[in-house]
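Coordinate analysis (summary)
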Amino acid sequence: MSIIKIENLYKVFGKEPKAAIELVEQGYTKEEIMEKTGNTVGINNVSFEVKAGESFVVMGLSGSGKSTLVRCLNRLIEPTSGSIYINDKDITKMDKHELSDIRKKTINMVFQNFAIFPHKTVLENASYGLKVRGIAKEEREQKGREALENVGLKGWEDSYPSNLSGGMQQRVGLARALATDSEILLMDEAFSALDPLIRKDMQTELLELQDSLQKTIVFITHDLDEALRIGDRIALMKEGEVVQIGTPEEIMMSPATDYVKKFVEDVDRSRVLTAEMIMKKTATVVRYPKDGPRVALHRMNESDISSIFVLDKQSRLIGIVMAEDALKAVENNETSLDSIIQKDIPKALPDTPVKEMFALLTGKNLPLAVVNEHDKFLGIVVRGTVMAKLAEGEG
């Protein structure tokens with residue numbers, strides 16, 4: 001289900017926007033339109049949808065229109081033409097009262113420059129959006145404290161922004177957005193003012209928060225690595241147009257234009273590809289305690305493999321059994337897998353990058369088990385698959 005839907009959106013800066021749009025439709029470039037009319041095309045016929053709970057990244061170089069686009073989503077910048085639907089309501093047709101209500105309850109924005117009040121405490125800043133809504137002090141402070149705890153700032157409630165580092169100040173801005181419990185977070189270059197280490201920490205924190213909160217996030221960045229790390233899907237912009245929308249893997253492996261290809265050509269694929277992308281789902285497993293060494297050998301023989309994963313009744317990973325160990329157990333007339341299950345085996349979460357998988361596979365003659373956070377078995381990765389996928393990307 002889409003929570004945001006944009007249709008044929010244009011934004012022209014200047015006195016003759018209609019004339020500029022007519023020239024766009026005739027195929028004139030941004031530079032030619034500027035020369036002919038003195039107008040700047042900020043957004044050029046953009047259409048896309050964002051699903052509920054999705055992290056949607058809009059990226060591009062300076063002047064590509066990405067920040068203009070995100071400001072149109074809450075009408076901080078007025079679109080020239082087109083429609084923007086939030087929960088099936090076109091905000092371009094809303095009056096000031098309706099728009100104010102959407103901004104207070106549905107959409108919140110996190111800016112690059114933190115946008116926090118230096119004269120207010122951390123808690124006052126975090127709960128400010130609730131104060132604007134008219135929420136009682138006790139309730140808004142409770143929600144503010146919860147939001148600050150979510151972003152790792154418990155204990156700093158009575159401090160002032162001047163006592164905080166840049167990363168901590170950005171956490172306050174994020175906490176303020178979270179405290180309002182808005183469905184949609186718009187994040188405009190939210191981490192670009194931070195130094196690289198703090199920036200990466202904030203990216204990790206946002207991903208962890210998203211796992212639990214499942215907000216709809218529209219994240220603006222000029223940094224491809226950041227886009228690949230945060231985005232469920234990415235829209236790449238050039239001169240006001242969206243030139244490609246896709247998952248990180250689609251953007252990397254199938255660039256739609258030479259512009260996109262140049263954008264991604266220097267990215268280290270081993271940091272982009274994940275276990276989930278390259279794993280093989282398999283039904284060739286044995287169940288403990290139901291199955292014994294004979295069943296294990298039979299299934300390995302059927303699938304022409306030399307090892308097999310052992311799962312419990314809830315499909316949680318217990319370990320692995322090797323063919324030679326199963327054969328010995330059969331020869332010793334054993335009926336249980338207990339003595340031959342290897343439990344110290346390599347495993348990875350679905351979002352583990354290939355670079356980390358190399359280390360897990362090095363020196364081990366075993367496949368890599370892919371499991372979720374509850375150890376539920378999802379699939380396997382073998383060294384050959386890793387190498388083949390990387391080679392495919394290079395090709």
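Remember, it's a predicted structure, so these values are computed and weren't measured experimentally. (Residues numbered from 1 in each chain as written. Predicted model: local features only at pLDDT ≥ 70, side-chain atom pairs only at ≥ 80, totals over all residues. Heavy atoms only, no water.)

Re the overall build of the protein
Looking only at helices and strands, the protein has 17 helices and 16 strands in total. Viewed in the frame of its principal axes, the protein has a C-alpha envelope of about 90 × 55 × 40 Å. Classification of the 395 residues of the protein by burial places 49% in the buried group. Contacts in the protein between residues at least 24 apart in sequence constitute 65% of all its contacts with a sequence separation of at least 6. For the protein, the exposed surface amounts to about 20000 Å²; the carbon and sulfur share of it is 47%. Placing the 52 positive and 61 negative side-chain charges of the protein at their respective mean positions leaves the two points 3 Å apart. (Helix = DSSP H or I, 4+ residues; strand = E, 2+ residues; numbered from the N terminus. Buried < 20%, exposed > 50% of the residue type's maximum accessible area, 1.4 Å probe, protein only. Contact = heavy atoms within 4.5 Å. Areas by Shrake-Rupley, 256 points an atom, 1.4 Å probe, with all protein chains shown as cover. Lys, Arg positive; Asp, Glu negative; His and termini not counted. Charge placed at Lys NZ, Arg CZ, Asp CG, Glu CD.)

Regarding the domain arrangement of the protein
On domain assignment, one finds that the protein holds domain 1 (51-82 + 89-106 + 182-270) and domain 2 (275-394). For domain 1 versus domain 2, the distance between C-alpha centres works out to 38 Å. (Domains from an automatic or database assignment.)

Brief notes about helix α14 (residues 293-303)
Counting along an α-helix, one turn takes 3.6 residues, and residues three or four places apart therefore face a common direction. Taken together, the buried positions of α14 are occupied by Pro293, Ala296 and Met300. Here the buried residues of α14 occupy an arc of 60° about the axis, which is enough to place them on one side. Exposed and oriented more than 90 degrees from the buried face of α14 are Asn301 and Glu302. Positive backbone phi, approximately 55°, marks Asp304, located one or two places after α14. (Arc of directions from axis to C-beta.)

Comments concerning the packing of aromatic side chains
We describe a pair of aromatic rings using the distance from one ring centre to the other and the angle between the two ring planes. Counting across every chain of the model gives 5 aromatic pairs. Here Phe48 and Phe56 contribute two aromatic rings whose centre-to-centre distance is 4.8 Å and whose plane-to-plane angle is 20°, an arrangement assigned as stacked. With respect to class, Phe48 is no different from Phe56; both count as buried. Between Phe191 and Phe219, the ring centres sit 5.5 Å apart and the planes meet at 55°, which makes this aromatic pair tilted. Placement of the pair is Phe191 in the loop between β7 (184-188) and α9 (196-213) and Phe219 in strand β8 (residues 216-221), with a sequence separation of 28 residues. Exposure class is identical for Phe191 and Phe219. Each is buried. Just above the ring of Phe13 sits the side chain of Lys11; from NZ or CZ to the centre is 5.1 Å. Positioned above the aromatic ring of Phe117, the side-chain terminus of Lys120 is 5.8 Å from the ring centre. (Phe/Tyr/Trp six-rings, centres within 6.5 Å; stacked < 30°, edge-to-face > 60°. Lys NZ or Arg CZ within 6 Å of the ring centre and 35° of its normal.)

Observations concerning the environment of Tyr85
Mapped onto the secondary structure, Tyr85 falls in strand β4 (residues 81-86). C-alpha separation for the pair Tyr85 and Ile4, spaced 81 residues apart in sequence, amounts to 5.6 Å. In this structure Tyr85 touches Ile3, Ile4, Lys5, Glu7 and Asp90, once residues within four positions along its chain are discounted.

Considerations on the packing of α14 against helix α15 (residues 323-331)
If you want to describe how two helices pack, look at the angle between their axes and the distance between the axes. Interaxial distance between α14 and α15 falls to 9 Å at its minimum, and their mutual angle equals 140°. Between α14 and α15, the interaxial angle falls into the category oblique. Here α14 runs over α15; the crossing is left-handed. Residues Pro293, Arg294, Leu297 and Met300 of α14 lie in contact with α15, whose contacting residues are Ala323, Ala326, Leu327, Ala329 and Val330. (Axes fitted to C-alpha atoms, helices over the stretch in contact; angles between N-to-C directions. Parallel < 35°, antiparallel > 145°, perpendicular 65-115°, else oblique. Left-handed = near helix turned anticlockwise from the far one by under 90°.)

Some remarks on the layout of surface pockets
Approximately 1600 Å³ is the volume found for the largest pocket. The wall of the largest pocket is formed by 40 residues, among which Leu207, Leu228, Arg229, Thr274 and Asp351 lie closest to the centre. Counting residues per element, the lining of the largest pocket draws most heavily on α9, at 10 residues. Taken together, the residues that form the lining of the largest pocket break down as 11 nonpolar, 10 polar and 19 charged. Split by domain, the residues of the lining of the largest pocket number at least three in each of domain 1 (51-82 + 89-106 + 182-270) and domain 2 (275-394). (1 Å grid on protein atoms, 1.4 Å probe; cavity = no way out; pocket = protein on both sides within 12 Å on 5 of 7 lines; lining within 4 Å. Points joined across faces, edges and corners; volume = space filled by probe spheres on them. Nonpolar A, V, L, I, M, F, W, Y, C, P; charged D, E, K, R; others polar.)

What about the sheet that holds strand β16 (residues 377-381)?
Sheet architecture is open: 3 strands sit in the order β14-β15-β16, paired in mixed fashion. Bordering the open sheet on either side are β14 (347-348) and β16, each of which pairs with just one other strand. Here 4 bridges tie strand β15 (residues 368-371) to β16, and the two strands are oriented antiparallel to one another. Within β16, the position partnered with Val370 by the bridge is Gly379. (Pairing = 2+ DSSP bridges.)

Thoughts on helix α16 (residues 354-361)
Turning to α16, its buried residues are Val354, Met357 and Leu361. With its buried residues spanning 50° around the axis, α16 presents them on a single face.

Looking at the sheet that holds strand β12 (residues 307-311)
One key point about sheets: their strands pair by backbone hydrogen bonds, in either a parallel or an antiparallel sense. The sheet built from 3 strands is open, its strands ordered β11-β12-β13 with mixed pairing. Strands with a single pairing partner mark the edges of an open sheet, and in this sheet they are β11 (285-287) and β13 (317-322). Here the average twist between neighbouring strands, direction ignored, is 30°. Relative to β13, β12 is paired through 5 bridges, and the arrangement is antiparallel. Residue pairing across strands places Ser307 opposite Met322, the latter belonging to β13.

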